[in-house]
Amino acid sequence: MFSKIGEAILKFITSRIVLSCAVLICCMAVLVYRLFYLQIIMGEEYLDSFQLKIQKVKDIQATRGNIYDRNGNLLAYNELANSVTIEDVFESGKYRNATINATINKLIDIIEGNGDEVDSTFNIVLSANGDFEYTVEGSALNRFLADVYGHTSINDLTYNEKTKTAKEVVTELCEKFGIGDYADYSNPSSPKDFEIGLGYTNERLLKVLTVRYNMNTNSYQKYIDTTVATSVSDQTVADVMENSDSLEGVSIEESTARVYVDSKYFSQIIGYTGKVSEDELVELQAENPEYDSNDTVGKSGIEQAMESELQGKKGSETVYVDNTGQVIETSNYVDSVAGNDVYLTIDKDLQEACYNIIETSLAGILISKIENTKSYTITENSDASDIMIPVYDVYYALFDNNVIDIDHLQEEDAGPNEAAVYQQFLTKKESVFSTLNTELTQTMTPYNTLTKEYMVYMSYIASMLYSDGIIDSDLVNKEDATYIAWTTDETISLAEYLKYCISENWIDVTKLDLDNQYADSEEIYSQIISYIFNELETDTDFTSRFYKYMLQDDYISGTQVCNILLEQNLVSLDSEEASLWNAGGETAYTFITNRITNLDITPAQLALDPCTGSMVITDVNNGDVLALVSYPGYDNNKMANGVDAEYYAQLRNDLSNPLYNYATQQKTAPGSTFKMVSSTAGLMEGVITTDSTITCNGVFDKFSSNPHCWIYPRAHGSLDVTGGIRNSCNVFFYEVGYRLGLVNDTYKSEIGIDKLAKYADMYGLSETTGIEIAESEPEVSDEDAVRSAIGQGTHSYTTVGLARYVTTVANSGTCFNLTLLDKTTDSSGNLLEEYSATVRNTIDMDVSYWNAIHTGMRQVVEDKTYYNDVAVNVAGKTGTAQESKNRGNHALFVCYAPYEAPEIAIATRIAYGYTSSYAAQITKEAIEYYFGLTDEDEIEGSAADGLVEGEANAD
């Protein structure tokens, strides 16, 4: 009975559900009909009143705080700007990707048509050859790949995902986002006819992919903005608004753009801002949950270090939009709170003056080293300070470091010299490719009997095959006799080596265009040859090497190179020099040296040794950093507000590496600047006194290797510790290092090393300095106490590390944790916090020991005639560090002034700067500027003025 009742109830309920559904369907049909009727009869305006409103809460970005120098000079600020954004309001379906991509392409056309740039926030860029390459490596690359493949942890990446090339990642993402076109338009619904990237250049493909990827990282949440371009022109704003009907989801958002004042001088300190990465977001949200994936944050430098102060607090408003993303109305407005302002210890004028001093001085060194020859041969007996620069190396550098636009040589509007050089290039390319093909398939000349030119080409090809994974380096047996014959003995040809790699299964055949993976050796080798020439055909890094030999063999002349500089408007001449040049009255050598002297072409552009430098100036009494100079700098305006992809690629390919902070990241041996540490160790450990002497005979004879003093075959004679510093006597400090290692009259290097390390630590050389931006870890020598005592061994320190060290010397023992921060205020100028350097440790040492060291340093400077006219007494120590016999020595100088009552300490390094005398003279100009003994006009004078080489090796 109950079952019948239940069955009846079920039938009743079912009938009611069916009836309700029928009623609902009818109502919907009526609604659709009425809406259609209203649209036809009453018009669009009437219909609009029935549109659905979708509510969202929108963040109002806070204005980022400003950055000032210690004197209140503005270094970074914000200005009002407009950004172009896109929201994912696109409906699902088979045409979704095509619709989104078409919208993005149209949007890019508008943006770039008005001279604006699409933001580049993707970790893949185009190389100089037009190939895809990663901009990150290591853990950052793994994090990026984890994001691409949807993993929350890098530990979840498969081996296959971890080893994807940039090109493979691009291909897979393009397939996912449907970036390409159908080859067979007769059957557009067939997936097999879709070709990835069809109809796109690599450049455009990457721009569209960047937007799609950024939309995807927002998890395709509807009504979440993705920024396409920042700081766009008024014309772009107008064009976007005018085309709003066909740009679904696209909006113009009011925003701010970050502006950096005199950017090249401060870029390494201040850094820049950019869209937050996934790693950064996780870290920032741990401290402040308000951060989201669209936020702009500090990416490097002070911008990154002081992110929490500069960022500010977001506001919000409730926004109602229609189903196309267009705003209908707003409410519930809550204003944002501006970020705090940050004041640095840096002196803007001092920073800029020191940068200009370095640049001008580097140009002067180059001028003194350039000779009017084609080549310079370095022999075993050559001294690093004697290395010269052939002017033909200067001509080639203009091609090698992309000063000359090689691509423009073949353009229709190329000048006559450009066109002539390009024709010679084509002839050279054909010749080289033909010879390489013959070498790889027939001649197979052993590497060591090739010409120097073809050694360069073969080495490049081998390196390419390794880096591209054709030769799997993990499989190569480094102990194999054939491997050694190729890499070390150089007695076999590249062809022979490659064929041996095939026989040993060291080739990754999956990267070759083979019909099957079981192809025979000859087929594999043939495909390797095809791969080589296919890659080299578009490899501008390879083909740019041709210009070196075209110059050497007189296919092109120095005069043509100079004329190309004029044709490409890279330099200009005053009327007097132009008349002389056009009349043939000025040589190419004079033309090019004039350009360097006048800084029409900078040392950084040439990227010849020396082309970089660094200087750090501190207040010895409080540990403030007054100047932290890294040359060359870069324009961080082009890195903020959406990275300028073309400029970023230019920076990455620049051989002078302007993205590298030479003051905080470059490390070299300190050379003789370390001798104050060794003096301290010797005095404190009792192996010398202020009165004891050591006799220098030019040779340290307690080792069979008989290391020489720099003055050999002369000798310094009997010296106390002050004389040892003054004369930078290697034998004196060899003996100190030796004595530090004595245990019961037996020398034990490790004992001496431990003692030197103890005192290096007292001067702060064992740790980073405390400044608020990224800094390389120092390395205190861990071998050979004797050589370590003169700053050799494995010592390796940054310029800022040496600055802290000499600051401690100058103030007689107070070692600070240095700082770049002075104070923070709110946006109204109210003081929030004052910063100061903290004392890391103090060195408690007898005053007589300090006097001996200080006197020695004063005498070092007194012996330098170019300091005779400086109205402030200076104490310092030079240092020279050899890294390569084929390049100039690193030049270093540390000092403080005034000698009687120190105010500032300075450390200067000119990498591959030949002689420490140059570093000392550059520092002299900085001292004169700081103490008001010279003006800025004198600093910006001729590059060739004033520098003298000094005594060879005297450091």
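Residues numbered from 1 in each chain as written. Predicted model: local features only at pLDDT ≥ 70, side-chain atom pairs only at ≥ 80, totals over all residues. Heavy atoms only, no water.

Okay, the packing of aromatic side chains next. The relative placement of two aromatic rings is captured by the distance of their centres and the angle of their planes. Going through the model one piece at a time under the given rule, you end up with 41 aromatic pairs. Both rings, one in Phe425 and one in Phe546, keep their centres 5.9 Å apart while their planes meet at 35°; by these two values the pair is tilted. You can see Phe425 sitting in helix H15 (residues 416-443) and its partner Phe546 sitting in helix H21 (residues 546-552), a full 121 residues away along the chain. Site record: aromatic cluster; members linked through ring pairs are Phe399, Tyr422, Phe425, Phe433, Tyr454, Tyr457, Tyr460, Phe533, Phe542, Phe546, Tyr547 and Tyr549. For Arg595, the ring lying beneath its charged end belongs to Phe591, and the centroid distance is 4.9 Å. Here Arg887 stacks its cationic end above the ring of Tyr912, 3.6 Å away from the centre of that ring. (Phe/Tyr/Trp six-rings, centres within 6.5 Å; stacked < 30°, edge-to-face > 60°. Helix = DSSP H or I, 4+ residues; strand = E, 2+ residues; numbered from the N terminus. Lys NZ or Arg CZ within 6 Å of the ring centre and 35° of its normal.)

Here we take up the pairing of strand S8 (residues 225-229). Within S8, four of the five residues are buried, which leaves it mostly tucked inside the rest of the structure. Bridge count between strand S3 (residues 74-87) and S8: four bridges; the pairing is antiparallel. Pairing of Glu87 across the sheet is with Asp225, part of S8. (Buried < 20%, exposed > 50% of the residue type's maximum accessible area, 1.4 Å probe, protein only. Pairing = 2+ DSSP bridges.)

Here we take up the confidence of the model for the chain. This prediction gives the chain a mean pLDDT of 90; 90% of its residues lie at or above 70. Confidence drops under a pLDDT of 50 for residues 30-50, and excluding neighbours within four residues, the segment shows eight contacts in the predicted structure. (pLDDT = per-residue confidence, 0-100. Contact = heavy atoms within 4.5 Å.)

Another point: the packing of helix H27 (residues 675-684) against helix H33 (residues 847-862). Between H27 and H33, the least distance of the axes is 11 Å, while the angle of their chain directions is 150°. One way to sum up the angle between H27 and H33 is to call them roughly antiparallel. The handedness of the crossing between H27 and H33 is right-handed. Residues Met676, Ser679, Thr680, Leu683 and Met684 of H27 form the contact with H33, whose own contacting residues are Tyr849, Ile853 and Met857. Tallied by class, residues from the contact of H27 with H33 come to six nonpolar, two polar and no charged. (Axes fitted to C-alpha atoms, helices over the stretch in contact; angles between N-to-C directions. Parallel < 35°, antiparallel > 145°, perpendicular 65-115°, else oblique. Left-handed = near helix turned anticlockwise from the far one by under 90°. Nonpolar A, V, L, I, M, F, W, Y, C, P; charged D, E, K, R; others polar.)

Attention now goes to the sheet that holds strand S17 (residues 613-619). The strand order across the open sheet built from five strands is S18-S17-S29-S28-S27, with neighbouring strands paired in antiparallel fashion. Strands at the two margins of the open sheet, each flanked by one partner only, are strand S18 (625-631) and strand S27 (875-881). Across the sheet, the mean angle separating the axes of adjacent strands is 10° when strand polarity is ignored. Along the sheet, H33 makes contact with S27 and strand S28 (890-897), crossing S27 at roughly 75°.

What follows concerns helix H19 (residues 521-537). Because an α-helix completes one turn every 3.6 residues, residues spaced three or four positions apart along the sequence face the same direction. For H19, built from 17 residues, the straight-helix expectation of 24 Å at 1.5 Å per residue is met to within 8% by its first-to-last C-alpha distance of 24 Å. The set of residues buried in H19 consists of Ile524, Tyr525, Ile528, Ile529, Tyr531, Ile532, Phe533 and Leu536. Where H19 is buried, its residues meet H15, helix H16 (452-467), helix H18 (494-503) and helix H20 (540-543). (Expected span 1.5 Å × (residues − 1).)

Before going further, it helps to examine the packing of helix H14 (residues 391-400) against helix H24 (residues 588-597). Packing of H14 against H24 brings their axes to within 11 Å, and their N-to-C directions diverge by 65°. The hand of the H14/H24 crossing is left-handed. Across the interface between the two elements, Val391, Val394, Tyr395 and Leu398 of H14 pack against Ala588, Tyr589, Ile592 and Ile596 of H24.

Here Ala338 shows up in the loop between strand S13 (327-334) and strand S14 (341-344). When the C-alpha atoms of Ala338 and Asn381 are compared, they prove to be 64 Å apart, with 43 residues separating the residues in sequence. In contact with Ala338, not counting residues within four places along its chain, are Thr63, Gly312 and Ser827.

The next point concerns a negative patch on the surface. Side chains of Asp405, Asp407, Glu411, Glu412 and Asp413 sit close together on the surface and give a patch of like negative charge. Assignment of secondary structure puts Glu412 in the loop between H14 and H15. (Patch = residues over 30% accessible without salt bridge, like charges linked within 9 Å, V, L, I, M, F, W, Y side chains within 5 Å. Areas by Shrake-Rupley, 256 points an atom, 1.4 Å probe, with all protein chains shown as cover. Salt bridge = Lys/Arg side-chain N within 4 Å of Asp/Glu carboxyl O. Lys, Arg positive; Asp, Glu negative; His and termini not counted. Charge placed at Lys NZ, Arg CZ, Asp CG, Glu CD.)

Judged by nonpolar contacts, the single largest core of 123 residues is most densely connected at Ile302 and Leu628. Ignoring any residue separated from it by four or fewer positions in sequence, one finds Leu628 in contact with Ile269, Ile346, Gln351, Met615, Val616, Asn661, Ala663, Thr664, Ile771, Val800 and Leu820. Formed by 86 residues, the second largest nonpolar core is a distinct cluster that contains Ile471, Phe546, Ile564 and Ile596. (Core = buried A, V, L, I, M, F, W, Y, C linked by side-chain atoms within 4.5 Å.)

For H16, which comprises 16 residues, the first-to-last C-alpha distance of 23 Å matches the rise-based estimate of 22 Å (1.5 Å per residue) to within 8%. Of the positions making up H16, those classed as buried are Glu453, Tyr454, Tyr457, Met458, Tyr460, Ile461, Ala462, Met464 and Leu465. Elements in contact with the buried residues of H16: H15, helix H17 (481-489), H18, H19, H20 and H21. Among the residues trailing H16, Gly469 stands out with phi positive, at a value near 80°.

Inspection of every chain in the model, using the stated rule, returns 37 salt bridges. Between Arg652 and Glu133 there is a salt bridge, with its nearest N and O atoms 3.2 Å apart. A residue pair is termed long-range when its members are at least 10 positions apart, and Arg652 in helix H26 (residues 645-653) and Glu133 in strand S5 (residues 132-134) qualify at 519 residues. By relative accessible area, Glu133 is classed as partly exposed at 23%. Where Lys299 meets Glu280, a salt bridge forms, and the shortest distance between an N and an O atom there is 2.9 Å. Here Glu280 lies in helix H10 (residues 278-287) and Lys299 lies in the loop between strand S11 (296-298) and helix H11 (301-305), a separation of 19 residues in the sequence. We classify Lys299 as partly exposed; its relative accessible area is 25%. A relative accessible area of 17% means that Glu280 is categorised as buried. A network of salt bridges, in which partner residues are shared, links Asp109, Glu112, Glu203, Arg204 and Lys207.

Our next topic: the state of the cysteines. Tallying each qualifying case throughout the model produces zero disulfides. Between Cys611, a cysteine without a disulfide, and Cys354, which holds the nearest cysteine sulfur, the sulfur-to-sulfur distance is 19 Å. The class for Cys611 is buried, based on a relative accessible area of 8%. Unpaired in terms of disulfides, Cys729 finds its nearest cysteine sulfur in Cys696, a separation of 3.6 Å. Cys729 sits in the buried class, given a relative accessible area of 0%. (Disulfide = S-S within 2.5 Å.)

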